[in-house]
Amino acid sequence: MLQKYIINQCKYTTEYKSFIFATLLLTLNYEEQIMKKLFLITILCYLSAAVYAQSIVLTSGSLEPLKEEKVIKFEFTYENMLVGKMTEEEYVLKKVSGYNEKDPGRGDEWREKWFADRINRFEPKFIELFDKYMEKVEKVSGEEGANYVILLNTEFTEPGWNVGVMRMNASIDMRGKILNIASGEQIATFVIKKASASNFMGTDFDTGFRIQETYGKAGREFAKFLIKKGKFK
């Protein structure tokens, strides 16, 4: 657009031709620098994703008892959870006071949604993708008929952010244990580290959506982990 404007406004005298040529070179050079910076940012994003890839580790016990089970029960908790560099209590207080200061009542609505999203969005998304990948081994989440329960506590949440030109993925860390429902015996413990998902189109401006997709990724990868480590196939 800048090049066309300059050309339309100028006469083709020798002086103006020189001016046009110099301006075009400067503009093209600027655009080239911008493209190089965008390319560098993209490379750094991919490198970051590789460095902070999700991992699931069995820390004790065995998954063998689950091999013949058809139904697995889940329970979710959020005890002593950190959010970014703050405790959850500090994070919620900061967000509520900040929103209420700008728009009275908005912070209170945000707090209600923050806690409601666990039951309405995060946990269902985990279960949805867990069930999807467990279909191949004919297992499903549920309560009726379950002999074992998997207790999952979210220890850390990074809400992430998206301002259009730049973004940071949400991520979660979880710690789990598997118990025999009848006896209470603990058969295994495990950790899920840096579970993170990104929206391909980069349109995940809503914090709840970013975290929801992260829980979905955790559920999917946990299903794969059980199938492989538990030798369900």
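Thresholds applied
Residues numbered from 1 in each chain as written. Predicted model: local features only at pLDDT ≥ 70, side-chain atom pairs only at ≥ 80, totals over all residues. Heavy atoms only, no water. Helix = DSSP H or I, 4+ residues; strand = E, 2+ residues; numbered from the N terminus. Buried < 20%, exposed > 50% of the residue type's maximum accessible area, 1.4 Å probe, protein only. Contact = heavy atoms within 4.5 Å. Areas by Shrake-Rupley, 256 points an atom, 1.4 Å probe, with all protein chains shown as cover. pLDDT = per-residue confidence, 0-100. Pairing = 2+ DSSP bridges. Salt bridge = Lys/Arg side-chain N within 4 Å of Asp/Glu carboxyl O. 1 Å grid on protein atoms, 1.4 Å probe; cavity = no way out; pocket = protein on both sides within 12 Å on 5 of 7 lines; lining within 4 Å. Points joined across faces, edges and corners; volume = space filled by probe spheres on them. Nonpolar A, V, L, I, M, F, W, Y, C, P; charged D, E, K, R; others polar. Phe/Tyr/Trp six-rings, centres within 6.5 Å; stacked < 30°, edge-to-face > 60°. Lys NZ or Arg CZ within 6 Å of the ring centre and 35° of its normal.

## As for the overall build of the protein
Across its full length, the protein holds five helices and 10 strands. Burial analysis of the protein (233 residues in total) assigns 38% to the buried set. A separation of at least 24 residues holds for 71% of the contacts in the protein among residues at least 6 apart in sequence. For the protein, the exposed area adds up to about 15,000 Å²; of that, 57% sits on carbon and sulfur atoms.

## As for the environment of Leu226
Mapped onto the secondary structure, Leu226 falls in helix 5 (residues 207-229). Looking at Leu226, the relative accessible area reads 0%, which means it is buried. Once the C-alpha coordinates of Leu226 and Met134 are considered, the two residues, 92 residues apart in sequence, prove to be 8.9 Å apart. With residues up to four places along the chain from it excluded, the contact list for Leu226 reads Leu63, Leu66, Phe130, Met134, Ile150, Lys231 and Phe232.

## Quick word on the confidence of the model for the protein
In this model, the protein carries a mean pLDDT of 83, and residues with pLDDT of at least 70 account for 73%. Below a pLDDT of 50 lies the segment residues 9-13, which in the model reaches seven contacts outside its immediate sequence neighbourhood of four places, other chains included. The low-confidence segment residues 37-51 (pLDDT under 50) makes zero contacts with residues lying over four places distant or belonging to another chain.

## Structural notes on the pairing of strand 6 (residues 148-158)
Among the 11 residues of strand 6, eight are classified as buried, and the element is accordingly described as predominantly covered. In this structure, strand 2 (residues 71-77) lies alongside strand 6, joined through five bridges in parallel fashion. Residue pairing for strand 6: Lys73 is matched across the bridge by Val149. Sheet analysis places strand 3 (residues 82-83) next to strand 6, joined by two bridges and oriented parallel. Within the sheet, the bridge partner assigned to Leu82 lies in strand 6 and is Phe156.

## Looking at the pattern of salt bridges
Using the criterion set out here, one finds 12 salt bridges in the structure. Its salt-bridge partner being Lys193, residue Asp173 comes within 4.0 Å of it at the nearest N-O pair. Of the two residues, Asp173 is situated in strand 9 (residues 170-180) and Lys193 in strand 10 (residues 186-197); the sequence distance between them amounts to 20 residues. On the basis of relative accessible area, Asp173 is assigned to the buried category, the value being 14%.

## Considering the layout of surface pockets
Empty space among the atoms becomes visible once a probe the size of a water molecule is rolled across them. There is about 300 Å³ of room inside the second largest pocket. Elements with a minimum of two residues in the lining of the second largest pocket: helix 3 (88-102), helix 4 (106-134) and helix 5. Top contributing element to the lining of the second largest pocket by residue count: helix 4, with six residues. Taken together, the residues of the lining of the second largest pocket sort by class into eight nonpolar, three polar and six charged.

## Focus on the packing of aromatic side chains
In the structure shown here, the tally under the stated rule is 15 aromatic pairs. With centroids separated by 4.8 Å and ring planes inclined at 25 degrees, the aromatic side chains of Phe190 and Phe222 adopt a geometry described as stacked. Taken together, the positions of Phe190 in strand 10 and Phe222 in helix 5 put the pair 32 residues apart, joining distant regions of the chain. There is no split in this pair, since Phe190 and Phe222 are both buried. The ring centre of Tyr78 lies 4.1 Å from the NZ or CZ of Arg118, which sits over that ring. Across the ring face of Phe232, the terminal group of Lys139 is positioned such that the distance to the ring centre comes to 4.8 Å.

## Topic: empty space enclosed by the protein
Applying the stated criterion to the full structure yields one cavity of 30 Å³ or more. Considering only enclosed or pocket space, the largest cavity measures out at about 70 Å³ in volume. Surrounding the largest cavity, Tyr78, Met81, Glu88, Trp114, Arg118, Phe122, Thr157, Ile211 and Tyr215 form its lining. Looking at the lining of the largest cavity, the elements with two or more residues in it are helix 4 and helix 5. Among the elements that take part in the lining of the largest cavity, helix 4 stands out by supplying three residues, more than any other. Its residues assigned to classes, the lining of the largest cavity shows six nonpolar, one polar and two charged.

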